[in-house]
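Spelled out, the chains give:
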Amino acid sequence: MREGLTVAGHRLTGRTRPSEVGTWADAVSPDGRPSGVLRFDPAAVATAAARERLVAAVGTDVRLQEGGPIGLLPVIDLVAARDEVWLITARATPAVADLMATGRLDPGGAATVLLETAQALLAVHAAGPAHGALHAGTVVIGENGSVLLAERGLLRALRGETASTEQDVAAWAALAGALAAHCGQGHAAAALRRAAATAAHGLAAARDTLLAERDAFPGMGRERLAHSAHGAAHGAAYGFAAPASPELPAGPAAGSSGGEAVTLLDLPNLNRPNLDRPNVGDGPGDVMMRFGPGVPTETTAAQIWRAGRTHDAVTATHTGGPAPRRRRRRTTAWAGTLLLAILIAAVILWLRQAPGAPLAVNDVDVKAPKKTVHCDGRADFVGVVTTNGEAGTLRYLWIRSDNREPLEQEQRVSSGDTSVDLPLHWKVTGPGSFKGTATLRVLSPTTTGKPIQDKASFTYKC
C-alpha cells in the first residue's frame, strides 16, 4: 500500500503489517487523528456469502461498542470500492507481536497485556460472541496504553466457521505461554506460566492469578505500555522495519475523487455509533429491508455489496452502456419512492422504541471465608453486586488491608443480570497470624452517583 493513497478519506502513511485476512496500514483520518485500515485479501471476500458474514461480524462489534468500552479495537467503517473491501478502525498498531519483535515488551507490559486481554474476552463472551483468532498479532496497544482486541470474528466469518469461547481460552493460554517465554526464566516468567496453566479453570481464574502475583511485575500498568507502544509506533526512530505487504492495484484510491466507496455499515440493520436512526432488520446477518408486497427487498447499497461491485460497475453490467433517459427517470422515481418508504419506516420504529434505562448498582455484599486460612493458604472472597438488571459496565476496586495497590477493573454486565459476582483470591504465605480485610468498592454506575462498598475479613494462622 503506497503512502498518500486514501481510503474513504483516510490517508495511508505507508506503514503496513500483514494479517491473516489481509494487510493493515496506518492512516490519518479526515480530522487528523490516527486510524487503521485493513484491506481484505480479495480471495477471502470473493463470494457473496463471505461478504455477508463479514458485514454481520463487523456489525456485531459495532453493537458491542455501543454499550461502552469493551476492550475491542473501535470500528469506524466498513467500505467497498473497486471490488475491494476495507475495514477502517482506530489506530491498529503496534500489535503485541511488534513489541515482542523489537524487544520493547517488559514483564510488566506482558502482564498488563494478559490481564486486560482476559478482561476484554470475559466481557465479549458475556455478551455472546467469541474472538476466534486471538494471538500476539491481533492484540494491539492504544495511544494510552490500553490493550485492545483486533480482528474479532473476521477470520472465522470469512471461512464460514464459528468461533467458540473454549478456543479463545486456549488461545489466551498460548499467548500467556509465548509471553512467558519472551520474559525468560525469572520470577515474572514463572508467574505468567502459572497464569497460563490456571486458564484451564477459566479466564477469570487466570486473571485473578495475575492480580494475586502482581508483585512479580514491576511497572505493571498502562503508563509504561503506552511508552513502549509510542516507541514502536515511531519505528524509524527505533530501527523498526515494517514488513513487506502487497501493493495496491493501480488506479484511484478507494473513496477518492476517481473512485466510489460504498459504506457497508450504513445498511439499515447495522446500528452504528452516533446514528440517529433505529435498528432495522431481522438479525445480525440480515442486510435486507422489507416493507410489504411490491417493494424491492434490498437497498441499492445492499445490491452493490451482494454483487461486490461499485455502482458504476453494476450499471455497466446491466445496461451495456449509458442508460436511456426514460429509464433513468423511472429509476429516479423508484429511488425516491423507496427512500420515502425507508424514512417512514425509520420514523415509526424510532417512535416505538423506548430508550433503555442505564445500568445502576443498588447494593454490594462481600463474603469472606468463615474458616481460618492456614499456612500458605488462600482466602477466597466474593463480592455480590446487585443491579437494576440493565446492560452496562461496572468499574470497581478491590482494596486489601495489606496495603497492596488496588487496580481499577471493569466488568461487562448483560441485560437481565441483576446479580454479578466479583471474586478476589488473596494468597498468604509464611509464618505468623493476622486478620485480613478486603473491601469491594464499586465506583460506577451507582444509584446515588457515589461509590458503594462493603467489606469482610478473614483470619490467617501459621
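This text gives an overview of the structure that appears in the document. Here, residues in each chain are numbered from 1, in the same order as that chain's written sequence. In view of the model being predicted, local features appear only for residues whose pLDDT reaches at least 70, and side-chain atom pairs are presented and counted only at 80 or more, with totals across whole chains, interfaces and linings using the full set of residues. Side-chain calculation: all heavy atoms of the structure are included, whereas hydrogens and water are not.

Glancing now at the overall build of the chain. Working definition: helices are DSSP H or I runs of at least four residues, strands are E runs of at least two. Numbering for both runs from the N terminus. What the chain contains, in helices and strands, is twelve helices and 16 strands. Out of the 462 residues in the chain, the part that is buried amounts to 47%. Whether two residues are in contact is decided by their heavy atoms, any of which lying within 4.5 Å being enough. Long-range contacts, defined as pairs at least 24 residues apart, comprise 65% of the intrachain contacts of the chain with a sequence gap of at least 6. Burial classes follow relative accessibility: with a 1.4 Å probe on protein chains only, a residue under 20% of its type's maximum area counts as buried, one over 50% as exposed, and anything between as partly exposed.

It is worth spelling out the sheet that holds strand β11 (residues 378-387) at this point. Strand order in this open sheet of three strands is β10-β11-β14, and the pairing throughout is antiparallel. Only two strands of the sheet have a single partner each, and these edge strands are β10 (361-367) and β14 (419-427). Between one strand axis and the next, the sheet turns through 20° on average, direction left out of account. Should DSSP find at least two bridges between two strands, the strands are taken to pair. Throughout, an axis means a line fitted to C-alpha atoms (over the contacting stretch in the case of helices), and angles, computed between N-to-C directions, take values from 0 to 180 degrees.

We now examine the packing of helix α3 (residues 107-127) against helix α7 (residues 203-212). Between α3 and α7, the shortest axis-to-axis distance is 9 Å and the interhelical angle comes to 150°. As judged from the angle between their axes, α3 and α7 are roughly antiparallel. The chirality of how α3 crosses α7 is left-handed. In contact with Ala111, Leu114, Leu115, Ala118, Gln119, Leu121, Leu122 and His125 of α3, α7 contributes Leu203, Ala204, Arg207, Leu210 and Leu211. Split by residue class, the contact of α3 with α7 holds ten nonpolar, two polar and one charged. Should an angle fall under 35 degrees it is taken as roughly parallel, and over 145 as roughly antiparallel, whereas 65 to 115 is taken as roughly perpendicular and any remaining angle as oblique. Less than a right angle of anticlockwise turn of the near helix away from the far helix marks a crossing as left-handed, whereas a clockwise turn marks it as right-handed. Only Asp, Glu, Lys and Arg are considered charged in this grouping, and only Ala, Val, Leu, Ile, Met, Phe, Trp, Tyr, Cys and Pro are considered nonpolar; every other residue, Gly among them, is considered polar.

With that out of the way, let us pick up the sheet that holds strand β3 (residues 22-28). Ordered in space as β1-β2-β3-β4-β6-β5-β9, the seven strands form an open sheet in which the pairing is antiparallel. If you trace the sheet from one side to the other, it starts and ends with β1 (6-7) and β9 (262-263), each paired once. Across two bridges, the pairing between strand β5 (residues 75-81) and β9 is antiparallel. Paired with valine 79 across the strands is threonine 263, a residue of β9. Contacts between helix α1 (residues 48-66) and the sheet are confined to β4 (34-40), β5 and β6 (84-90), with β5 contributing the most and set at about 160° to the helix.

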